[in-house]
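# Examining the three-dimensional arrangement
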Amino acid sequence: MQILDGIAVSPGIAIGEALVIDNEGFRIPEHRVERDAVDDEVKRLDNAIAVVAKEIERNRDAIALQLDDQYSAIFSAHLQMLRDPKLHREVEQLIRARRYTPEYAVSVTLRGYAKIFQESDDPYMAERAHDIFDLEKGLLRNLLGHRREELSHLTSPVVVLAHNLTPSETASLDPKFVRAFVTEIGGAGGHTAIVAKGLEIPAVVGIGKFLTDVSGGDVVIVDGETGRVILEPDKETLARYREREERHREVAVRLEALRDVLAGTGDGVRVQLMANIEFPHEVDHCLDRGADGIGLYRTEFLYLESKTEPSEEDHYRAYAEVVQAMQGRPVVIRTLDLGADKMGFAEVDMEKERNPFLGLRSIRLALRNKQLFRPQLRAILRASLLGPVKVMFPLISTLHELRQARMVLEDAKEDLHEQGVEFNREILVGMMVESPASVTMIDKFLPEVDFISIGTNDLIQYALAVDRTNPGVADLYQATDPAVLRMIDTSLKAAAKAEVEASLCGQMSGVPAYTMLLLGLGLREMSVPPSAIPEIKNICRSVTIPQCEAVAERAMTMDSAREVDLYLRDESNKTVQP
Ligand code: PEP
Ligand code: MG
């Protein structure tokens with residue numbers, strides 16, 4: 001059993017067989033062979049080695065004809081490794097003595113070798129680990145035949161283990177088969193984490209190097225609450241986690257009963273509990289959980305899914321589906337927030353950026369690429385006829401940006417009008433507050449918008465100068481940092497004074513321990529991942545506003561993120577009935 005700790009980004013407990021993406025999605029279905037099959041299995045190993053050796057020889061000869069010896073020497077080195085008698089002895093020993101399948105024995109042995117190389121201080125030696133992974137792939141491909149699993153065509157449940165998953169790769173995971181995923185890199189605020197929560201797949205990121213310690217088919221436990229990952233758990237640990245898995249299910253069933261109850265505090269103050277979505281099909285989750293509306297529709301995922309630029313019709317179809325499904329409930333459509341860690345087909349058009357989060361992303365990218373921006377705005381306007389649609393601009397940092405964005409919207413309205421296309425002329429326009437500049441200048445912004453939504457995912461990273469995707473500084477990425485709390489407080493107070501509606505749609509509003517603080521700071525609308533709605537609703541019902549105000553007041557006097565976090569968890573545990 002091996003215990004690893006990473007960053008918990010999507011809650012839930014999952015137990016399942018590993019699918020290591022690093023070895024091209026090979027899954028080893030069985031680890032053991034019958035005693036009387038051992039000789040045949042060793043023959044299968046020898047055969048695979050012979051076939052792979054032939055393949056390498058062919059590649060070596062083909063390269064030798066085109067390039068000089070230095071290149072074909074790479075293949076000679078692979079051959080030498082493959083024919084190394086010591087390697088053969090070790091693998092055969094595992095098959096004979098432990099009755100491992102050749103697949104499992106090859107994977108365990110070669111991964112052990114790769115690990116030794118990877119841990120070398122010499123970068124040249126560390127790179128050699130890739131050669132060993134190549135050999136592993138070759139042998140597994142041969143031994144497993146067609147039994148290779150594609151991530152997008154899974155046929156049985158797995159726990160996906162990968163070096164990294166991009167937000168769009170994550171979006172393509174099928175929650176029916178992917179019980180959980182774990183990655184070596186990634187941070188708490190990245191969009192991979194956000195998509196995992198949306199899909200309700202438990203996830204842990206930023207574990208550091210561990211893929212050499214695991215082979216496809218190993219049993220893995222993923223604890224999306226604490227960030228703990230356990231490889232090959234012992235019986236007792238497995239039983240303990242199965243029990244926790246069961247308790248989770250029971251709580252979820254109990255909270256389901258709250259679906260049709262309006263969200264509000266114990267002393268009768270109404271709270272709007274909205275949902276964040278990335279894809280139209282998620283509206284079903286929102287309705288199942290009793291969402292009051294969509295508080296953030298991250299439309300850029302339409303671009304991430306597609307190889308070509310979505311047309312106005314593509315936009316319209318997606319928005320119409322969401323607005324109609326929500327049956328009269330408000331839908332806040334955020335205009336595209338591409339760039340930084342959210343790259344799609346636009347990636348090819350973008351210069352490699354040294355600091356992508358400080359670069360050409362979001363509203364900046366939209367304003368410089370009006371051919372992307374205009375069709376989207378036209379589609380949002382057209383969809384505004386189907387229900388209460390609001391439009392929201394992301395990452396506004398200057399008044400100039402807000403005014404420019406509004407101007408492009410006005411142009412789109414004029415064009416539609418001239419073409420005789422109907423839309424809601426009074427569509428409400430809002431902005432996200434997610435840069436320190438927008439907080440500092442909030443009194444100037446408020447008269448020019450109908451609503452604001454605080455985006456703490458970005459606000460935290462820009463306020464504290466901490467990259468939201470970097471596991472190396474994940475300990476500094478804290479929603480409860482006093483600097484962040486003051487920014488939220490300033491924004492909410494200014495919005496209340498200006499009588500402008502305010503919401504908070506960063507992941508922070510979906511963390512149960514922070515609900516009392518946010519209510520106490522005056523927030524009455526939260527937009528959260530759909531899965532978080534029942535629990536947040538339950539907390540709202542268990543507390544009163546004076547109680548929350550006292551908690552917020554005390555939290556605002558504290559000096560550190562840790563102190564605030566511990567205090568809020570403690571207060572929440574004391575007050576809220578599980
Ligand atoms: C945010 O920054 O808080 C937010 C909701 O937007 P995103 O996570 O898409 O950047
Ligand atoms: Mg943001």
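Not measured: the values here are computed from a predicted model.

### Comments concerning the overall build of the protein chain
Check the secondary structure of the protein chain and you find 23 helices and 16 strands. Over its C-alpha atoms the protein chain spans a radius of gyration of 27 Å, differing by no more than 12% from the 25 Å that the globule rule assigns to 578 residues. Each principal axis of the C-alpha atoms in the protein chain carries an extent, and together these give about 80 × 55 × 40 Å. Going through the 578 residues of the protein chain one by one, you find that 54% of them count as buried. Nonlocal contacts in the protein chain, meaning residues at least 24 apart in sequence, comprise 69% of its contacts between residues at least 6 apart. Accessible area for the protein chain stands at about 26000 Å²; split by element, carbon and sulfur atoms hold 49% of it. Measuring between centres, the 68 positive side-chain charges of the protein chain sit 2 Å from its 93 negative side-chain charges.

### Side note on the packing of helix 12 (residues 312-325) against helix 14 (residues 370-383)
Taken N-terminus to C-terminus, the directions of helix 12 and helix 14 make an angle of 35 degrees; their axes are 8 Å apart at the nearest point. Seen along the crossing, helix 12 lies across helix 14 with a hand that is right-handed. Counting all contacts with helix 12, which are made through Glu312, Glu313, His315, Tyr316, Tyr319 and Val323, the residues of helix 14 involved are Pro375, Gln376, Arg378, Ala379, Ile380, Arg382 and Ala383.

### A short note on the site of ligand 1
By nearness alone, 17 residues border ligand 1, and Arg298, Arg334, Glu434, Asn457 and Arg468 come closest of all. Residue glycine 455 places a main-chain N or O atom 3.3 Å away from an oxygen atom belonging to ligand 1. Threonine 456 places a polar main-chain atom, nitrogen or oxygen, 3.1 Å from an oxygen atom of ligand 1. In isolation ligand 1 offers 290 Å² of accessible surface; the protein chains occlude 100% of this area. In this structure the site holding ligand 1 corresponds to the largest cavity. Put simply, the parts of the chain that give the shell around ligand 1 at least two residues each are helix 8 (191-199), strand 10 (294-298) and helix 18 (456-464). With three residues, helix 18 is the largest single contributor of residues to the shell around ligand 1.

### Digging into empty space enclosed by the protein
Under the defined criterion, the tally for this structure stands at four cavities of 30 Å³ or more. Its volume calculated, the largest cavity comes out at about 80 Å³. Along the walls of the largest cavity sit 16 residues, with Arg298, Arg334, Glu434, Asn457 and Asp458 positioned nearest its centre. If you list the elements that add at least two residues to the lining of the largest cavity, you get strand 10 and helix 18. In terms of residues, the lining of the largest cavity owes the most to one element, helix 18, which gives three residues.

Conventions we followed
Residues numbered from 1 in each chain as written. Chains lettered and ligands numbered in written order. Predicted model: local features only at pLDDT ≥ 70, side-chain atom pairs only at ≥ 80, totals over all residues. Heavy atoms only, no water. Helix = DSSP H or I, 4+ residues; strand = E, 2+ residues; numbered from the N terminus. Rg over C-alpha atoms; globule rule 2.2 N^0.38 Å. Buried < 20%, exposed > 50% of the residue type's maximum accessible area, 1.4 Å probe, protein only. Contact = heavy atoms within 4.5 Å. Areas by Shrake-Rupley, 256 points an atom, 1.4 Å probe, with all protein chains shown as cover. Lys, Arg positive; Asp, Glu negative; His and termini not counted. Charge placed at Lys NZ, Arg CZ, Asp CG, Glu CD. Axes fitted to C-alpha atoms, helices over the stretch in contact; angles between N-to-C directions. Left-handed = near helix turned anticlockwise from the far one by under 90°. Near = heavy atom within 4 Å. Polar contact = N/O pair within 3.5 Å; in protein donor to acceptor, adjacent residues only side chain to side chain. 1 Å grid on protein atoms, 1.4 Å probe; cavity = no way out; pocket = protein on both sides within 12 Å on 5 of 7 lines; lining within 4 Å. Sits in = over half its atoms within 2 Å of the grid points. Points joined across faces, edges and corners; volume = space filled by probe spheres on them.

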